[in-house]
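# Tertiary structure, described
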Amino acid sequence: MPLEFELCPGRMIGGSNPCFIIAEIGQNHQGDIKIAKEMIKMAKDCGADCAKFQKSELEYKFNKRALERPYTSKHSWGKTYGEHKRHLEFSHEQYRELQKYAKEVGIFFTASGMDEMAMEFLHELNVPFFKVGSGDTNNFPYLEKTAKKGRPMVVSSGMQSMETMRRVYQTVRKHNESFCILQCTSAYPLEPEDVNLRVIAEYQKEFPDIPIGYSGHESGIHISVAAVALGAKVIERHVTLDKSWKGSDHEASLKPSELTELVKAIRLVERSLGTGVKQMLPCEKPCHDKLGKSVVAKVMIPKSTVLTMEMLGVKVCEPKGVPPEDIFQLVGKAVTKDLEEDESITQTVVESYGKKRKC
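Reference entry: report on the structure contained in this document. Throughout this document, residue positions are counted from 1 along each chain, in the order its sequence is written. Thresholds applied to this predicted model are a pLDDT of at least 70 for local features of residues and 80 or more for the giving and counting of side-chain atom pairs; totals over whole chains, interfaces and linings are not thresholded and use all residues. Side-chain metrics rest on all non-hydrogen atoms present in the structure, leaving aside hydrogens and water.

### Let's talk about the overall build of the chain
Applicable threshold: Where helices and strands are cited, they refer to DSSP runs of H or I of at least four residues and of E of at least two residues respectively, numbered from the N terminus. Partly exposed residues are those whose accessible area sits between 20% and 50% of the maximum for their type, while under 20% is buried and over 50% is exposed, using a 1.4 Å probe and protein chains only. To be clear on the numbers: accessible area is Shrake-Rupley with a 1.4 Å probe, and residue cover counts the displayed protein chains and nothing else.
Scanning the chain for helices and strands turns up 13 helices and twelve strands. With respect to the principal axes defined by its C-alpha atoms, the chain has extents near 100 × 40 × 40 Å. Buried positions account for 50% of the 359 residues belonging to the chain. Total accessible area on the chain stands at roughly 17900 Å², and carbon and sulfur atoms take up 52% of it.

### Focus on the side chain of E24
Selection rule: In what follows, a contact means two residues having at least one pair of non-hydrogen atoms within 4.5 Å.
Mapping E24 onto the fold places it in strand β3 (residues 20-26). Accessibility expressed as a relative area gives 3% for E24, which makes it buried. The contact partners of E24, leaving out residues within four places of it in the chain, are K52, F53, Q54, S112, E236, R237, H238 and V239.

### Considering the packing of helix α7 (residues 140-148) against helix α8 (residues 162-173)
The line we're drawing: Axis definition: a line fitted to C-alpha atoms, over the contacting stretch in the case of helices. Angles run 0 to 180 degrees between N-to-C directions. The crossing is said to be left-handed when, going from far helix to near helix, the turn is anticlockwise and less than a right angle, and right-handed when the turn is clockwise. We call Asp, Glu, Lys and Arg charged. Ala, Val, Leu, Ile, Met, Phe, Trp, Tyr, Cys and Pro are nonpolar, and the rest, Gly among them, are polar.
It is the contact of α7 with α8, at a shortest axis distance of 9 Å, that shows an interaxial angle of 30°. For the element pair α7 and α8, the recorded crossing hand is right-handed. Residues F140, L143, E144 and A147 of α7 touch α8, and the partners they reach there are T164, R167, V168, T171 and V172. Considered class by class, the residues forming the contact of α7 with α8 number five nonpolar, two polar and two charged.

### Notes on helix α9 (residues 198-206)
As a reminder, the rule being used: Arc definition: directions from the helix axis to the C-beta atoms.
Every buried residue belonging to α9 is among V199, I200 and Y203, and all of these are buried. All buried residues of α9 lie within an arc of 110° about the axis, which places them on one face of the element. Those residues of α9 that are exposed and aimed more than 90 degrees away from the buried face are R198 and K205. Packing partners of the buried residues in α9 comprise α8, β8 (179-184), β9 (212-216) and α10 (222-229).

### With respect to the side chain of H238
With respect to the helices and strands, H238 occurs in strand β10 (residues 234-238). Classification of H238 as buried rests on a relative accessible area of 5%. Apart from the residues lying within four places of it in its own chain, the contact partners of H238 are E24, Q54, Y188, G216, H217, D249, A252, S253 and L254.

### As for the pairing of strand β7 (residues 153-156)
Definition in use: Note on pairing: two strands pair once DSSP finds at least 2 bridges between them. By convention a crossover is right-handed if, when the strands point away from the viewer, the path from the first strand over the helix to the second runs clockwise.
The side-chain alternation of β7 yields two buried faces, one formed by M153 and V155 and the other by V154 and S156. Here three bridges tie strand β6 (residues 130-132) to β7, and the two strands are oriented parallel to one another. Note that in β7 the partner of F130 across the bridge is M153. Between the parallel elements β6 and β7, the chain passes through α7 in a crossover that is right-handed. In this structure, β7 lies alongside β8, joined through four bridges in parallel fashion. Looking across to β8, one finds that S156 is bridged to L182.

### Digging into the pairing of β9
Working note: regular strand, side chains alternate between the two faces of the sheet. Most of β9 is tucked away: five of the five residues are buried. Alternating residues of β9 divide into I212, Y214 and G216 and G213 and S215, and every residue in both groups is buried. Two elements, β8 and β9, share four bridges in a ladder whose sense is parallel. By the bridge assignment, Q183 is partnered in β9 with Y214. Crossover connection from β8 via α9 to parallel β9: handedness right-handed. Bridge count between β9 and β10: three bridges; the pairing is parallel. For G216, the partnering residue across the bridge sits in β10 and is R237.

### Concerning the packing of aromatic side chains
Cut-off, in case you're wondering: What counts as a ring pair is set by centres within 6.5 Å for rings of Phe, Tyr and Trp (its six-membered ring), and what kind of pair is set by the plane angle: stacked under 30 degrees, edge-to-face over 60, tilted for all other angles.
If you walk through the whole model with that rule in mind, you get twelve aromatic pairs. Ring centres of F53 and Y95 lie 6.2 Å apart, and the angle between their planes is 75°; this geometry places the pair in the edge-to-face category. With F53 in strand β4 (residues 50-55) and Y95 in helix α5 (residues 92-105), this pair connects stretches of sequence that are 42 residues apart. In this pair, the class of F53 matches that of Y95, namely buried. On the numbers, 6.1 Å between centres and 85° between planes, the contact of Y95 with F121 is edge-to-face. Remark: F121 occurs in helix α6 (residues 116-125) and Y95 occurs in helix α5; sequence separation between them is 26 residues.

### Side note on the nonpolar core
Filter applied, for reference: Throughout this description, the term nonpolar core refers to a set of buried Ala, Val, Leu, Ile, Met, Phe, Trp, Tyr and Cys residues connected via side-chain atoms within 4.5 Å.
If you look at the biggest cluster of nonpolar residues, it comprises 67 residues, and the most contacted ones within it are I40, F53, M153, Y214 and I235. Per-element accounting of this core gives the leading share, eight residues, to helix α1 (residues 33-46).

What follows is the structure in structure tokens.
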């Protein structure tokens, strides 16, 4: 199975590829397609890789009683939950319009299919990848049908246990090798104490052959940046144009300036991660040349004297001499010339010392 794969045309994730950043518009568009387009453009301008929505076929996601129940929340767009959800739901034709607009803007476009029929529509729409929301992660018939479509998948893991996530992994991998799992806690907004970033490392151990990411609902950007430092290869964050708007997701969403800062911070962290190989870097040479220490003679040492530790010291000196880490290799070797007290001991004045000085 691939530790990296093509999530969108021409865009690999995992391995050493840049973190894939999803701007989750969800239903923060207020049911207004103009606002939705504005948010797609905002996501692109802020540097996100993908603008994502949430698509439901309401009669397949909810039963009749759920749709008919009164909905009196301050966030409500209707007297019943069904009226509320219908206000926020775009039609198939509107989704095609949004997809076309995203292509014109130059950003990847997809949605979470919140039920099997919505997933079928998104497959018909030819989205680059399926996003499985946390509410369907333990819906194994849905997972299997989605995996069999053959499109890459991003699977959130809110409200699930590790035992369930092992089943999710096994279920999806039978049919589809191109998927990743996101650590997620389903609370809006999410308190830092409930984020549990250490699960990223546990997922990396449990599922070492797939990329692991993070879907965050916390305030601010710092925790999401930390997730990247811990190895997250996909970051998903809700976005909004105004946190005061009606809707329970806005408070846990990033405004444009925050999304811009998140993208910049992630790219900065990625640059800082390096290769994992510890060695002196070229950028360190000026400091080493100025302050790097060498072995010196503590006392005057006549030619042919066999060196002992008592004769040797370590100082910043000119010219550079034998590096301090090699001082013990000098003991028992004879010098080939007279050395003054405080003089640098270079490799050329010690018999049988053939190690080249590091640069």
